[in-house]
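This is what each chain is made of:
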Amino acid sequence: MPEHIENAPTYHVLALSGGGYRGLYTATILARFEEILGGNLAARFDLICGTSVGGILGLGLAAEIPAAELKQIFLKSGDRIFNSRSLKKKIRGPWFEAKHSCSGLKEVLEGQFNTMTIGNLAHRVLIPTVNYTTGKGQFFKTPHHPSLEVDHLVPLVDVALATTAAPVYFPLSKIGNEVYADGGLVGNAPGLFGLHEIKHFVAPRRPVKIRVLSIGTMTLGTTIGGNEKLDRGLSDWGSGLFDLVISAQGASVDYILKHELGDDYFKIDDDATPKQSKDIQNLDVVSKAATNTLLARGMSAAQRALGDLKFAPFRMHSATTPTFYHGPNANNA
């Protein structure tokens, strides 16, 4: 359990997980929060962390796009994002190319972010990706520390494409000469990264109190059936390998944050019922059944959280104005 720190500054972190179309669940919760609490949700958090589709939502909140508008990305453009392959390419199948082109997603992102860069954001963000050129995790951040001198130049569209470049599902993404893959490979549930960021970059070398609000995507625990083969090749694994990585990561982060923060960690997520699991078992299926399930469970989860006493601190907090050291919003003169 964390030690009680008297009179220490308090920092709140919002951590948004990845999960493809299941991000509609997250967006529904965020929209309900803004409707009930009023104002832009980003103003209530000192750091927003988002991976994959959670990265899109996190960047959107930090750009002060209303959560209700972000929710409409799924409802109005879900098919455009996840069904952008030609019939010929669909027939060739995922053996040769990613299941989906990134063209539809890029068009949607350009409609939301235009030419905005990380430096244009007024709220701190941390967006995990994997730099496939170096083979290491990379985290795009606002310039909230003197050492963060480059990321403020990167367009939000490019960051969003990098963190959502899920293996098998979407093509790899390129920024400059470097190639990126989905942030879910390094941290699909980014709350632990947020905790580290506050301690070592936002408020280093001083006692602070940190709370983390984590919102999942009804991520299903990927498991193997009792009669399935154990000697598995690429055709057996398919996209299931990526699904396993993100579900296992989420469970591990949840376990650690509970130990690190105790009641200062609040997670919102839901287990699907057996029937609902069939509706949302795939990250990239846009259907009426999936949409209805995600909307209904998201609304229920938001109402449940709003009535929970442990959620009360997140209702009351207002983030202080961030200090930025570089870029158009630099204020550390």
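Thresholds applied
- Residues numbered from 1 in each chain as written.
- Predicted model: local features only at pLDDT ≥ 70, side-chain atom pairs only at ≥ 80, totals over all residues.
- Heavy atoms only, no water.
- Buried < 20%, exposed > 50% of the residue type's maximum accessible area, 1.4 Å probe, protein only.
- Helix = DSSP H or I, 4+ residues; strand = E, 2+ residues; numbered from the N terminus.
- Pairing = 2+ DSSP bridges.
- Arc of directions from axis to C-beta.
- Contact = heavy atoms within 4.5 Å.
- Salt bridge = Lys/Arg side-chain N within 4 Å of Asp/Glu carboxyl O.
- Phe/Tyr/Trp six-rings, centres within 6.5 Å; stacked < 30°, edge-to-face > 60°.
- Core = buried A, V, L, I, M, F, W, Y, C linked by side-chain atoms within 4.5 Å.
- Axes fitted to C-alpha atoms, helices over the stretch in contact; angles between N-to-C directions.
- Parallel < 35°, antiparallel > 145°, perpendicular 65-115°, else oblique.
- Left-handed = near helix turned anticlockwise from the far one by under 90°.
- Nonpolar A, V, L, I, M, F, W, Y, C, P; charged D, E, K, R; others polar.

*Asks:* What should I look at first to understand the pairing of strand 3 (residues 125-131) in this one?
*Replies:* Note on strand geometry: in a regular strand, side chains alternate between the two faces of the sheet. A large share of strand 3 lies buried, amounting to seven of its seven residues. Of the two faces of strand 3, the one lined by Val125, Ile127, Thr129 and Asn131 and the one lined by Leu126, Pro128 and Val130 are each fully buried. The sheet contact formed by strand 2 (residues 47-50) and strand 3 spans two bridges and is parallel. Residue pairing for strand 3: Cys49 is matched across the bridge by Leu126. Here six bridges tie strand 3 to strand 4 (residues 136-141), and the two strands are oriented antiparallel to one another. Bridging from a neighbouring strand, Asn131 pairs with Lys136 of strand 4. Taken together, strand 3 and the strand that follows it, strand 4, pair antiparallel across an intervening segment of four residues, in which Gly135 is found at a positive phi of about 75°. Two elements, strand 3 and strand 6 (residues 178-181), share two bridges in a ladder whose sense is antiparallel. Counted as the bridge partner of Val130 is Ala181 from strand 6.

*Asks:* Help me out: how do you make sense of helix 5 (residues 103-113) in this one?
*Replies:* The periodicity of an α-helix, 3.6 residues per turn, causes residues three or four places apart in sequence to face the same way. Every buried residue of helix 5 is accounted for by Gly104, Leu105, Val108, Leu109, Gln112 and Phe113. All buried residues of helix 5 fall inside an arc of 145° around its axis, so they share one side. Along its buried surface, helix 5 packs onto helix 2 (53-62), helix 3 (67-82) and helix 6 (156-163). Backbone geometry just downstream of helix 5 places Asn114 in the positive-phi region, at approximately 50°.

*Asks:* What is the right way to read the pattern of salt bridges from this model?
*Replies:* For side chains bearing opposite charge, pairing can occur when the charged atoms are close. Under the definition given, this model contains ten salt bridges. A salt bridge links Lys141 to Glu197; the nearest nitrogen and oxygen atoms lie 2.9 Å apart. Remark: Glu197 occurs in helix 8 (residues 191-202) and Lys141 occurs in strand 4; sequence separation between them is 56 residues. Here Lys141 matches Glu197 in class, with each residue buried. Here Asp270 ties to Arg297 by a salt bridge, and the two come within 3.2 Å at their closest N and O atoms. Residue Asp270 is found in the loop between strand 8 (265-268) and helix 11 (274-280), and its partner Arg297 is found in helix 12 (residues 288-306); the two are separated by 27 residues along the sequence. Residue Asp270 shares its accessibility class with Arg297, and that shared class is buried.

*Asks:* Can you help me understand the packing of aromatic side chains in this one?
*Replies:* Each aromatic ring pair is summarised here by two numbers: the centre-to-centre distance and the angle between the ring planes. Scanning the model with the defined rule gives nine aromatic pairs in all. Pairing Phe311 with Phe314 gives two aromatic rings, centres 5.9 Å apart and planes at 35°, and the pair type is tilted. With relative accessibility at 1%, the residue Phe311 sits in the buried group. Its relative accessible area of 2% is what places Phe314 among the buried residues. Clustering of aromatic rings is evident, with ring pairs tying together Phe33, Phe45, Phe266, Phe311 and Phe314.

*Asks:* Before we go on, may I ask you to explain the side chain of Thr164 in this structure?
*Replies:* If you trace the backbone, Thr164 turns up in the loop between helix 6 and strand 5 (173-175). Thr164 gets classed as buried once you look at its relative accessible area, which sits at 8%. Beyond its immediate chain neighbours, meaning those up to four positions away, Thr164 contacts Ser52, Val53, Ile56, Leu105, Phe170 and Asp182.

*Asks:* Looking at this model, I keep getting lost on the nonpolar core. Mind explaining?
*Replies:* Most often, soluble globular proteins keep nonpolar side chains buried together rather than apart. In terms of nonpolar packing, the biggest core is built from 68 residues, with Phe33, Leu61, Leu213 and Ile268 touching the most fellow members. Among the elements that make up this core, the one with the highest residue count is helix 1 (residues 23-37) (eight residues).

*Asks:* I tried to follow the packing of helix 2 against helix 5 on my own but got confused; where do I start?
*Replies:* Working note: a packed helix pair is described by the angle between its axes plus the distance between those axes. Orientation of helix 2 relative to helix 5, taken along the N-to-C sense of each, is 15°, at an axis distance of 11 Å. Taken together, the axis directions place helix 2 and helix 5 in an arrangement best described as roughly parallel. Both helix 2 and helix 5 take part in a crossing whose hand is right-handed. Every residue of helix 5 that contacts helix 2 at Ile56, Leu59 and Gly60 is listed here: Leu105, Leu109 and Phe113. When the residues that make up the contact of helix 2 with helix 5 are grouped by side-chain class, the tally is five nonpolar, one polar and no charged.

*Asks:* Which parts of the structure should I look at to understand the side chain of Thr129?
*Replies:* Relative to the elements of secondary structure, Thr129 occurs in strand 3. Relative accessible area serves as the criterion here: at 0%, Thr129 is assigned to the buried category.

*Asks:* Before we go on, may I ask you to explain the environment of Ala165 in this structure?
*Replies:* Along the chain, Ala165 turns up in the loop between helix 6 and strand 5. Residue Ala165 is classed as buried on the basis of its relative accessible area, which comes to 1%. In sequence terms Ala165 and Val130 are 35 residues apart; their C-alpha atoms lie 9.3 Å from each other. Ignoring sequence-local partners within four residues, the contact set of Ala165 consists of Phe170, Pro171, Leu172, Ser173, Tyr180, Ala181 and Asp182.

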